[in-house]
Amino acid sequence: MFSLFNKKTEVPKIPLKVDIHSHLLAGLDDGVKSLEEAIDVINDLVEMGFEKLVTTPHVMNDTYRNEPTGIQNGLTELEQHLANNGINIELQAAAEYYLDEFLYARIINKESLLTFGDKYLLFETNFISEPLQMKEFIFQASSQGYRLVLAHPERYGYMTMEKAEDLRNRGVFFQLNSLSIGGMYSKSVRKMALQLIDKGWVDFLGSDCHNPVQSKILKALQKNKHYQRACSLSLLNNTL
Ligand SMILES: [Fe+2]
């Protein structure tokens, strides 16, 4: 019998429990500007069902020269603030490394880099053209046991499905930004995101949240059918 009470108005619970990409350590990059903003974002993520967050400050030679000690200090400060506010969520920190000659040199020099899970290393590139060192970087880093995770492949102007396939054949994991699915960056980024979802070429979903405005958009995205479809892929998020 029809009943108003049977109407499913609740947002379906997406079983994504671990986020692997965000900018929640205030003052380290272009992410949250204060501990209060971090709490605002984290409250949204908790509401979405996340139980663990790996936050990933930018490491970029020209702009954000973050080192493990500074990142660890930022993490400890945020953890204390969360505890003081009675928010229960597991936090870890790694980094989002920008691929350029400096990162390539760090790999060649076998410097230790921040990873999460089983040696997953999150990296990004410039948005215009494929870095010259891309293939050699993938080869060298993989040889050292790193499992490379390319942040938001859908956002790079140079990315094509052919290039994506080649990178995957080289063992690169793909982390799609959830916000790309809703069209937050651009129509073409959204299109590429949907193509990658269609192919099943998504290994991780990431919030890439920089501020509370984005976490509100992310929350609203839970109802989006493409987001739900992405969540139903064989993602590695919950294995961490
Ligand atoms: Fe990011």
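Up top is the structure.
Numbers given for residues are sequential positions, taken from 1 along each chain in its written order. Residues qualify for local features only when their pLDDT is at least 70, as the model is predicted, and side-chain atom pairs are given and counted only at 80 or more; totals for whole chains, interfaces and linings, by contrast, use all residues.

A. Unusual backbone geometry, seen in detail. Even without being glycine, Lys110 reaches a positive phi, approximately 55°. Here a strand is any run of E in DSSP of at least two residues, a helix any run of H or I of at least four, and the numbering for each starts at the N terminus. Note that Lys110 resides in the loop between helix H3 (101–108) and strand S6 (120–124). As a rule, residues whose C-beta atom has 12 or fewer other C-beta atoms within 10 Å are exposed, those with 20 or more are buried, and those in between are partly exposed; C-beta atoms are placed from the backbone. Taking the number of C-beta atoms within 10 Å as the measure of exposure, Lys110 has 9 and is therefore exposed. Even without glycine at this site, Lys119 takes up a positive phi of about 60°.

B. Highlighting the sheet that holds strand S4 (residues 90–93). Strand order in the open sheet made by the three strands is S1-S2-S4, with parallel pairing throughout. Across the chains shown, the open sheet's two edge strands, defined by having one partner strand only, are strand S1 (18–19) and S4. Pairing between two strands is assigned when DSSP locates at least 2 bridges connecting them. One ladder, built from four bridges, connects strand S2 (residues 52–55) with S4; its direction is parallel. Considered in S4, the bridge of Lys52 is made with Glu90.

C. Molecular detail of the pairing of strand S8 (residues 173–177). Among the five residues that make up S8, four are buried, leaving the element largely enclosed by the rest of the structure. Across three bridges, strand S7 (residues 147–151) lies against S8 in parallel orientation. If you follow Val149 over to S8, its bridge partner there is Phe173. Assessed by its sense of winding, the connection that carries the chain from S7 through helix H5 (residues 161–169) to S8 is right-handed. When the strands point away from the viewer, a crossover counts as right-handed if the path from the first strand over the helix to the second runs clockwise.

D. Looking closely at the sheet that holds strand S3 (residues 58–59). Here six strands make up an open sheet; going across it, the order is S3-S5-S6-S7-S8-S9 and the pairing parallel. The sheet terminates laterally at S3 and strand S9 (204–206), the two strands that pair on one side only.

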